Amino acid sequence: MVSLQEIRAAQTLLRGVAARTPLFEWTGESGEHKLYLKLENQQPIGAFKLRGAYNKVASLSDEERRMGVISYSSGNHAQGVAYAARALGVKAIIVMPENAPKNKLEATAALGAELVVVGPGSEERRLRAEQLAAEHGYVIVPPYNDEKIIAGQGTVALEILEDLPNVETVLVPVGGGGLISGVSAAIKLSNPKVKVIGVEPEFAADARASFLAGRIISFPADQVSRTLADGLRTQSIGTINFEHIRTYVDDIVSVTEGEIHETMRVLSAKAQTTAEPSGAVAPAAFLFHAHELPSTKINVAVISGGNIDPQMLTELRNR
């Protein structure tokens, strides 16, 4: 389990690397229950993943850095690892799915990473990365199932608590579980009264199923691939992440594809709140599932990323 001390150490390490993103008051349809958006879409790579990736790569020994790093990702973690590796002078290989958004593939390559493209399943890319690591000696930088990754992502919550000490509920998107692991640990170890709620797409609600069952449930690749939220298409949460979720998370809810799309449309009205599908999932819960959430007045939803396909953004704004 990641400690508060480890998350604070990550915060110190990330100063001058990751942006200290703002909170934006966006109440939506309800005036009584306020919603603030944590704008991780304003990171240098357009997503929170830089935090964990840099914390992990920076923790490697000189010998490990000389060997190079490898990771597997549908897009945002790929950019985070590529960015961190370039900043630290480390070779990076990223295994990405063939159905990853074109803009994310191009952005990762532009950051200097070598791409290996495989099929759509999250397990397929993980296994390919492990195979290449065994063959070439690369150090694996996992997207979520790692203490350094979790500690880095937890810095999101430290900023929320500093900027909004009276926050009552925090809504966090869930893919593999790295972000919610770090956020929930940082919050509960700082102020146990604050509620932490995970949010997933219905097609990829494996974390919710796992949370309810008390054991890790895996979803088939063809099912999770159906969600628009490409950053949340993991087939199962990590084992380390599951322990954090069981210990610190209050509940997990799911949202529909239509709710994600409509929330993206509403958020796209302002450049600063524009979200990719995965980034719109947490605000969608506030807009459409208030009956499933704590009845709290001061709430935060994390916009985890803003790397939206340009054509999709144009279509949203023209509706």
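Residues numbered from 1 in each chain as written. Predicted model: local features only at pLDDT ≥ 70, side-chain atom pairs only at ≥ 80, totals over all residues. Heavy atoms only, no water.

A.B. asks: Explain the environment of aspartate 206 to me, and be specific about the residues and the numbers.
C.D. replies: Structurally, the position occupied by aspartate 206 is in helix α9 (residues 206–213). Linking aspartate 206 and serine 254, residues 48 residues apart in sequence, is a C-alpha distance of 9.8 Å. Ignoring any residue separated from it by four or fewer positions in sequence, one finds aspartate 206 in contact with Gly175, Glu200, Ile217, Phe219, Thr234, Gln235, Ser236 and Ile237. (Helix = DSSP H or I, 4+ residues; strand = E, 2+ residues; numbered from the N terminus. Contact = heavy atoms within 4.5 Å.)

A.B. asks: So what about the pairing of strand β10 (residues 298–303)? Which residues, and what values?
C.D. replies: Buried residues dominate β10, accounting for six of its six residues. Of the two faces of β10, the one lined by Ile298, Val300 and Val302 and the one lined by Asn299, Ala301 and Ile303 are each fully buried. As judged from the six bridges shared by strand β2 (residues 34–39) and β10, these two strands associate in the parallel manner. Bridge pairing in β10 links leucine 39 to isoleucine 303. Bridging between strand β7 (residues 169–173) and β10 involves three bridges; their strand directions are parallel. Residue pairing in the sheet places leucine 171 in a bridge with alanine 301 of β10. (Buried < 20%, exposed > 50% of the residue type's maximum accessible area, 1.4 Å probe, protein only. Pairing = 2+ DSSP bridges.)

A.B. asks: I'd like a rundown of the pattern of salt bridges, residues and numbers included.
C.D. replies: Overall, the coordinates contain 15 salt bridges when judged by the stated rule. With a closest N to O distance of 2.8 Å, glutamate 40 and arginine 51 form a salt bridge. Pair noted here: glutamate 40 is in the loop between β2 and α2 (49–58) and arginine 51 is in helix α2, with a separation of 11 residues, a long-range link. Note on accessibility: glutamate 40 and arginine 51 belong to one class, buried. A salt bridge links arginine 51 to glutamate 159; its shortest N-O distance comes to 3.0 Å. Taken as a pair, arginine 51 in helix α2 and glutamate 159 in helix α7 (residues 147–163) lie far apart in primary sequence, 108 residues in all. Linked by salt bridges that have partners in common, Lys38, Glu40, Arg51 and Glu159 make up one network. (Salt bridge = Lys/Arg side-chain N within 4 Å of Asp/Glu carboxyl O.)

A.B. asks: So, empty space enclosed by the protein: which residues are in play, and what are the values?
C.D. replies: Once rolled over the atoms, a probe with the size of a water molecule shows which space is left empty. By the definition in use, this model includes two cavities of 30 Å³ or more. Looking at the largest cavity, its volume works out to about 340 Å³. Lining the largest cavity are 28 residues, and of these Lys49, Gly175, Gly176, Gly231 and Leu232 sit closest to its centre. No other element matches helix α8 (residues 178–190), which puts three residues into the lining of the largest cavity. Its residues assigned to classes, the lining of the largest cavity comprises 10 nonpolar, 15 polar and three charged. If you add up the space inside the second largest cavity, you get close to 40 Å³. Lining the second largest cavity are Ser74, Pro97, Asn99, Ala100, Pro120, Arg125 and Arg233. In the lining of the second largest cavity, the residues fall into three nonpolar, two polar and two charged. (1 Å grid on protein atoms, 1.4 Å probe; cavity = no way out; pocket = protein on both sides within 12 Å on 5 of 7 lines; lining within 4 Å. Points joined across faces, edges and corners; volume = space filled by probe spheres on them. Nonpolar A, V, L, I, M, F, W, Y, C, P; charged D, E, K, R; others polar.)

A.B. asks: Describe the packing of α8 against helix α11 (residues 239–248), listing the residues and the values that go with them.
C.D. replies: Remark: α8 packs on α11, axes separated minimally by 9 Å, with the N-to-C direction vectors making an angle of 40°. With respect to α11, the axis of α8 lies oblique. In terms of crossing hand, the pair formed by α8 and α11 is left-handed. Across the interface between the two elements, Gly178, Ile180, Ser181, Ser184, Ala185, Lys188 and Leu189 of α8 pack against Asn241, His244, Ile245 and Tyr248 of α11. (Axes fitted to C-alpha atoms, helices over the stretch in contact; angles between N-to-C directions. Parallel < 35°, antiparallel > 145°, perpendicular 65-115°, else oblique. Left-handed = near helix turned anticlockwise from the far one by under 90°.)

A.B. asks: Give a detailed account of the sheet that holds strand β3 (residues 69–72), specifying residues and quantitative values.
C.D. replies: Backbone hydrogen bonds hold the strands of a sheet together, and the pairing may be parallel or antiparallel. If you walk across this open sheet you meet the four strands as β5-β4-β3-β6, and the pairing is parallel. At either end of the open sheet lies a strand with only one pairing partner, and these are β5 (114–118) and β6 (139–140). Inspection of the sheet shows strand β4 (residues 92–97) paired to β5 by five bridges, in the parallel sense. Bridge assignment links proline 97 to a residue of β5, and that residue is valine 118. Sheet contacts for helix α4 (residues 76–88): β3 and β4; angle to β3, the most-contacted strand, approximately 165°. With respect to the sheet, helix α5 (residues 102–110) is in contact with β4 and β5, its orientation differing from that of β4 by roughly 175°.

A.B. asks: Provide a residue-level description of α11, including the pertinent values.
C.D. replies: Those residues of α11 not exposed but buried are Asn241, Phe242, His244, Ile245 and Tyr248. Buried residues in α11, looked at end-on, bunch into an arc of 165°, giving them a common side. Contact partners of the buried residues in α11: α7, α8, β8 (195–201), α9 and β9 (251–255). (Arc of directions from axis to C-beta.)

A.B. asks: Tell me about the sheet that holds β8, and please be specific about residues and values.
C.D. replies: Strand order across the open sheet formed by six strands is β1-β2-β10-β7-β8-β9, with mixed pairing between neighbours. Edge positions in the open sheet fall to β1 (23–25) and β9, since each of these has one partner strand only. The sheet shows a mean angle of 30° between the axes of neighbouring strands, taken without regard to direction. Against the sheet, α8 contacts β7, β8 and β10, and its axis sits at roughly 170° relative to β8.

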